[in-house]
Amino acid sequence: MKSNQNGDLEQFFPVSIYSIQPNKVNDFRIYIKRGNNYVLLTNKKEAFSLSQRDRLYNLNIETVYIPYNEAESYDRYLVENLDKILYDENIPLHERSKTFYNLATDLSYEVINEKLSSDYKFKDLLNVIDQTIDFLSKPENLASVRKLISHDYYSYTHSVNVFVYSAFLLNQYNYDKKDITYIGSGAFLHDIGKSLIPHHTLNKPGALNNKEWEIMKKHPEYGIEACSNLSLSYKTKFVIRNHHEKLDGEGYPDRIKKIPHYVQIVTCCDIFDALTTNRVYANKRSPFEAFKLMKDKMHKQINLDILATFIKFMGKSPETVHSE
Ligand SMILES: [Fe+2]
Ligand SMILES: [Fe+2]
């Protein structure tokens, strides 16, 4: 996703020095900026040394630059080393959270735009999910990631947000790590079928007419179609196909009332993120307003125990909700 936003003038993108492991040989070049010039710090196949990092700290330099045409190598390095960064207590929590959130949104953007034509990106996605699950089990880490969450709606950030909330809640309900990886990848891909919905329907500012609504309601089934060449676990598929089911049987596409608990978790997280994000048809609500609306208006449709757990733990994050 690291496309050059400024035409051909900028040839580099900024990254935090905290995202670069010292003493590790890299496949990309690292530059620092001096005035308007980029100065080479380490070449390909060279390691960014601890003493170089310390020197940059002392100069108050926390941002280094990578050439755009080496973005693939940088992303590959992050996918392979995310856990070393996430669990390194020497790196400020905010920087670790930022490294995860930026990588996850980049990956999500690529997965959605490639419509999963190959399973190459999907393997990266599973790898990132696997390395992140323990990190996302802690309320203070969730709070740190939440500060980065975009409140403007983009399909690729929505996917990451629903994954973040779901991974946290699944951990609270003691699902095992393997299951969280399967369910978490379902949370990540839950709306992938929207990439097959016509743009004008998906982004219509006003209410959808009946015909448009019927098309929109097809996105869970389209999601299964979009992932047909991947070997997904049945739990991942259940999340993709059934994340709009409701406990009163009024959901879609199968109108089932017996919804697996893990799907109900993802559904709660999906609704919460949608309500707290600006959409073309509605302004974002505060977490308090969102939880209140879910409790007052959706109590027959969603699992109230999951909602209570969600509210309880979000109460430990800064901008929150000390409900009624
Ligand atoms: Fe959906
Ligand atoms: Fe969604």
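Owing to the predicted nature of the structure, the values given are computational and were not obtained by experimental measurement. (Residues numbered from 1 in each chain as written. Chains lettered and ligands numbered in written order. Predicted model: local features only at pLDDT ≥ 70, side-chain atom pairs only at ≥ 80, totals over all residues. Heavy atoms only, no water.)

**Q** Outline the coordination of the iron ion (ligand 1), supporting the account with residue identities and numerical values.
**A** Coordination sphere of the iron ion (ligand 1), protein contribution only: D191 (OD), H219 (NE2), H243 (NE2) and H244 (NE2), at 2.1 to 2.2 Å. Note that the iron ion (ligand 1) binds four donor atoms; their angles at the metal cover 88 to 178 degrees, and the shape is irregular. Separating the iron ion (ligand 1) and the iron ion (ligand 2) is a distance of 3.8 Å, and D191 donates to both of them. Taken together, the residues span a long stretch of sequence, with D191 in the loop between helix 7 (177–189) and helix 8 (199–202) and H243 in the loop between helix 11 (234–242) and helix 12 (261–275) at a distance of 52 residues. Both residues of the pair, D191 and H243, belong to the buried class. (Donors = N, O, S within 2.8 Å, 3.2 Å for Na, K, Ca; no water. Tetrahedral: all angles 85-135°; square planar, octahedral: opposite > 155°, others 65-115°. Helix = DSSP H or I, 4+ residues; strand = E, 2+ residues; numbered from the N terminus. Buried < 20%, exposed > 50% of the residue type's maximum accessible area, 1.4 Å probe, protein only.)

**Q** Give me the nonpolar core: which residues, what numbers.
**A** Counting 85 residues, the largest nonpolar core has I20, V64, F100, F163 and M294 as its most contacted members. The element best represented in this core is helix 6 (residues 155–172), accounting for ten residues. Two domains share this core, each providing at least three of its residues, namely domain 1 (1–71) and domain 2 (92–314). Leaving out residues up to four positions away in the same chain, F163 has contacts with F100, I129, L136, G184, A187 and F188. (Core = buried A, V, L, I, M, F, W, Y, C linked by side-chain atoms within 4.5 Å. Domains from an automatic or database assignment. Contact = heavy atoms within 4.5 Å.)

**Q** Can you tell me about helix 1 (residues 50–58), naming the residues and giving the values?
**A** Of the residues making up helix 1, those classed as buried are Q52, R53 and L56. The buried residues of helix 1 occupy an angular sector of 100 degrees when the element is viewed end-on, so they sit on one face. Looking at the buried residues of helix 1, the elements they touch are strand 2 (30–34), strand 3 (37–42) and strand 4 (63–67). N60, located one to two residues past helix 1, shows a positive phi value of around 60 degrees. (Arc of directions from axis to C-beta.)

**Q** Which residues make up the coordination of the iron ion (ligand 2), and what values go with them?
**A** Taken together, the protein ligands of the iron ion (ligand 2) are H158 (NE2), H190 (NE2), D191 (OD) and D270 (OD), with distances of 2.2 to 2.3 Å. Angles of 78 to 176 degrees at the metal separate the four donor atoms of the iron ion (ligand 2), which places the site in the irregular class. Counting gaps between the donor residues of the iron ion (ligand 2) yields the pattern H-x31-H-D-x78-D.

**Q** Residue-level account of the domain arrangement of the protein, with values.
**A** When cut into domains, the protein gives domain 1 (1–71) and domain 2 (92–314). The C-alpha centroid of domain 2 is placed 33 Å from the C-alpha centroid of domain 1. Contact with domain 1, which involves six residues of that partner, is made by seven residues of domain 2. When domain 1 packs against domain 2, the two sides together hide about 580 Å² of surface, and 60% of this comes from carbon and sulfur. On the surface where domain 1 and domain 2 come into contact, there are zero salt bridges. Counting the contacts that link domain 1 with domain 2 gives one residue pair in polar contact (both at pLDDT 80 or more). (Buried area = accessible area lost by both parts, 1.4 Å probe. Salt bridge = Lys/Arg side-chain N within 4 Å of Asp/Glu carboxyl O. Polar contact = N/O pair within 3.5 Å; in protein donor to acceptor, adjacent residues only side chain to side chain.)

**Q** I'd like a description of helix 6, backed by residues and values.
**A** With 18 residues, helix 6 ought to run about 26 Å at 1.5 Å a step, and its terminal C-alpha atoms sit 26 Å apart, in line with that. In terms of burial, helix 6 is a largely internal element, 16 of the 18 residues being buried. Just beyond helix 6, the residue with positive phi is N174, at close to 60 degrees. (Expected span 1.5 Å × (residues − 1).)

**Q** Explain the pattern of salt bridges to me, using residue names and the numbers behind them.
**A** Here the structure, examined in full by the defined rule, presents 14 salt bridges. With a closest N to O distance of 2.8 Å, E212 and K204 form a salt bridge. Judged by relative accessible area, which is 13%, E212 ranks as buried. One salt-bridge network, held together by shared partners, links R76, E80 and D124.

**Q** How would you summarise the packing of aromatic side chains if you had to cite specific residues and measurements?
**A** The way to describe two aromatic rings as a pair is by their centre distance and the angle between their planes. With the rule as written, the count across this model stands at 20 aromatic pairs. Ring geometry for Y87 versus F135: centroids 6.4 Å apart, planes at 75 degrees, classification edge-to-face. With Y87 in the loop between helix 2 (71–86) and helix 3 (93–114) and F135 in the loop between helix 4 (120–132) and helix 5 (139–146), the pair connects residues that are 48 residues apart, well separated along the chain. The exposure class of F135 is buried, given its relative accessible area of 1%. Each residue in the set F13, F28, Y68, Y74 and Y77 is aromatic and connected to the rest through ring pairs, giving one cluster. Across from the ring centre of Y153, 3.9 Å away, lies the NZ or CZ of R279, which sits over that ring. (Phe/Tyr/Trp six-rings, centres within 6.5 Å; stacked < 30°, edge-to-face > 60°. Lys NZ or Arg CZ within 6 Å of the ring centre and 35° of its normal.)

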